[in-house]
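# A look at the structure
One-letter residues, chain by chain:
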Amino acid sequence: MSAPLPGSLPVTAPPATTLQVEVSKRLDTADRHFALDIGFSSTSRRIALFGPSGAGKTLTLRAIAGLLRPDRGRIVLGERTLFDVAAGVDVRPQQRRVAYLFQDYALFPHLTVAQNVAFGLARGWRNPPRGKSHDDAERWIDAFGLREVRGHYPAEISGGQKQRVALARALATRPDIVLLDEPFSALDPALRARMRAELRALQTSLEVPMLVISHDPDDVAALADHVMEIRDGRIYAPAA
Amino acid sequence: MESVWVPLALSLKVAGWATAINAVLGVAAAVALSRWRSPLRDLVDAVLTLPLVLPPTVLGYYLLVLVGRRGVFGEWLSSLGIELVFTWQGAVLAATIVAFPLVLKSARAAIEGVDPQLEHAARVLGVSETGIVFRVTLPLAVRGIAAGVLLAFARALGEFGATLMVAGNLPGRTQTLSVAIYEAVQAGDDDTANLLVLVTSLTCVLLLVIAGRLVPSTRQAVR
């Protein structure tokens, strides 16, 4: 982080939010049969699901975000039930207040950095304007040192800047939790260490809980207190 | 000379209206078909694509059966004061239906080519499904859509069969370029025919060049 985060940043979450996930889902395609059967509960603000690719980590994140509908189970975040088959609850992704940092960041290529950051703050059918945007968005642009590139398009900025834009965009919507899907896999090793340190610093300055999935032990060591190992669609062992 | 510009102007007017209508309906249908999860989807898609493969005369016949004076909706349309047979509006209807699949196909391919991850990202950021269409999907598909719209314009400009069946061949009122060419050839008026053919060909080449420039660019970084 080029500048320390100001204390007035618009992210607050009640302390010790409990994330409770009990979901199962069968996925059958022509060449792959996969059964996801995940159950865990955590009160930590720094959670990690650790495991090899293909273990079901991304599927779990997508289920929490509402982008994948489990066959059975329930997902509860703090006081709010996001998903419960038995009770017929399936909160739409738009209403879950769950932020998702995609592996390749999924920045909107047709919008500038500032428009990307303000994207979730603009309601309705029109994108945020190119010029001055929402105050919250401007604060995040400053907090992540993106002032100089605020008018640039995603194709014109570096990998580290892309990640900052994605984080700023996610945090600007004041989520109750941030899900991070292999946050550093798109970066080269040198940059990876730096961005990891940045994210770690961010965790200490923000109240919002973060759930990281990664296959990299260094990520898990730096970014999580509560680490769970996931293998073949199941929580394998609650590692320390 | 006057005999050249009148049908050209009429053709441009008819093709312009047909294209404007298709730009709205074709894109809307493409969005609906790309979002709709139903076994009926392929059937609806096939029916909407039918004008691409059916002979225009068959389409013209269907239109007469539907909107002709003694057609299924003929009386109802007359009571509303809408007259489609032997009018330029009828030519617009014919051109619209013939060119519709070109917008639908291009728009649907472009819309389904948009990275679903970006739509998911918008969803998680709290933007409504309609908002996603207008803020993410359509802006990213705009080049493919524009190429389809241009193709539809070119197709509407050259429409002959269905137009002749529905709108007829009334000089100055429903006689479009391609119909005028047919008449000039029939009448042995080679000078007029040559000029009309040249104007039509040049217009279509120009449109194809523009359409071709739009399509490959969709694979590059889009702004």
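Residues numbered from 1 in each chain as written. Chains lettered and ligands numbered in written order. Predicted model: local features only at pLDDT ≥ 70, side-chain atom pairs only at ≥ 80, totals over all residues.

The next point concerns the UniProt feature "transmembrane region" (unreviewed entry) in chain B. Residue and element names in this part refer to chain B. When the UniProt feature table is mapped to this numbering, "transmembrane region" (unreviewed entry) covers residues 14–34, 46–65, 85–104, 132–154 and 195–215. This span, residues 46–65, is 90% helix and 0% strand, and a straight line between its end C-alpha atoms measures 21 Å. As annotated, residues 85–104 has a helix share of 85% and a strand share of 0%, and its two end C-alpha atoms lie 26 Å apart. (UniProt positions renumbered as here; feature names shortened; annotations may be inferred. Helix = DSSP H or I, 4+ residues; strand = E, 2+ residues; numbered from the N terminus.)

Take the environment of B:Thr49 next. Residue and element names in this part refer to chain B. With respect to the secondary-structure elements, Thr49 resides in helix H2 (residues 41–53). Take Thr49: there are 16 C-beta atoms within 10 Å of it, and that puts it in the partly exposed class. Considered as a pair, Thr49 and Ala156 are 107 residues apart in the sequence and their alpha carbons are 15 Å apart. In this structure Thr49 touches Pro101, Leu104 and Lys105, once residues within four positions along its chain are discounted. (Buried ≥ 20, exposed ≤ 12 C-beta atoms within 10 Å, placed from the backbone. Contact = placed C-beta atoms within 7 Å.)

What follows deals with the UniProt feature "domain: ABC transmembrane type-1" (unreviewed entry) in chain B. The feature "domain: ABC transmembrane type-1" (unreviewed entry), as given by UniProt, occupies residues 8–211 of chain B in the numbering adopted here. Between the end C-alpha atoms of residues 8–211 of chain B the distance is 21 Å, and the span holds 79% helix and 0% strand.

One frequently used descriptor of interface size is the decrease in accessible area upon assembly of the parts. With 20 residues of chain B at the interface, the matching set in chain A holds 22 residues. Listed by contribution, the elements that provide at least two residues to the side of chain B that touches chain A are helix H6 (116–124) and helix H7 (129–157) of chain B. Sorting elements by how many residues they give to the side of chain B that touches chain A places H7(B) first, with 7 residues. Looking at the side of chain B that touches chain A residue by residue, the class counts come to 11 nonpolar, 6 polar and 3 charged. (Nonpolar A, V, L, I, M, F, W, Y, C, P; charged D, E, K, R; others polar.)

Residue and element names in this part refer to chain B. Predicted confidence across chain B gives a mean pLDDT of 89, with 95% of residues reaching 70 or more. A low-confidence stretch, residues 218–223 stays under pLDDT 50, and its non-local contacts, those more than four residues away or across chains, total 10 contacts. Here the complex is predicted with pTM 0.85, and the ipTM for its interfaces comes to 0.88. (pLDDT = per-residue confidence, 0-100.)

On to unusual backbone geometry. Residue and element names in this part refer to chain A. Non-glycine residue Tyr105 carries a positive phi angle of around 75°. Locating Tyr105 in the fold gives a position in the loop between strand S7 (98–101) and helix H2 (113–118). Here Ala106, not a glycine, exhibits a phi torsion of approximately 50°, which is positive. Mapped onto the elements of the fold, Ala106 is located in the loop between S7 and H2. Residue classification places Ala106 among the buried residues on the basis of 24 C-beta atoms within 10 Å.

On to helix H5 (residues 88–112) of chain B. If you check H5(B), its first and last C-alpha atoms are 35 Å apart, about what 25 residues at 1.5 Å a residue would give, namely 36 Å. For H5(B), a buried count of 22 out of 25 residues is recorded, marking the element as mostly surrounded by other parts of the structure. (Expected span 1.5 Å × (residues − 1).)

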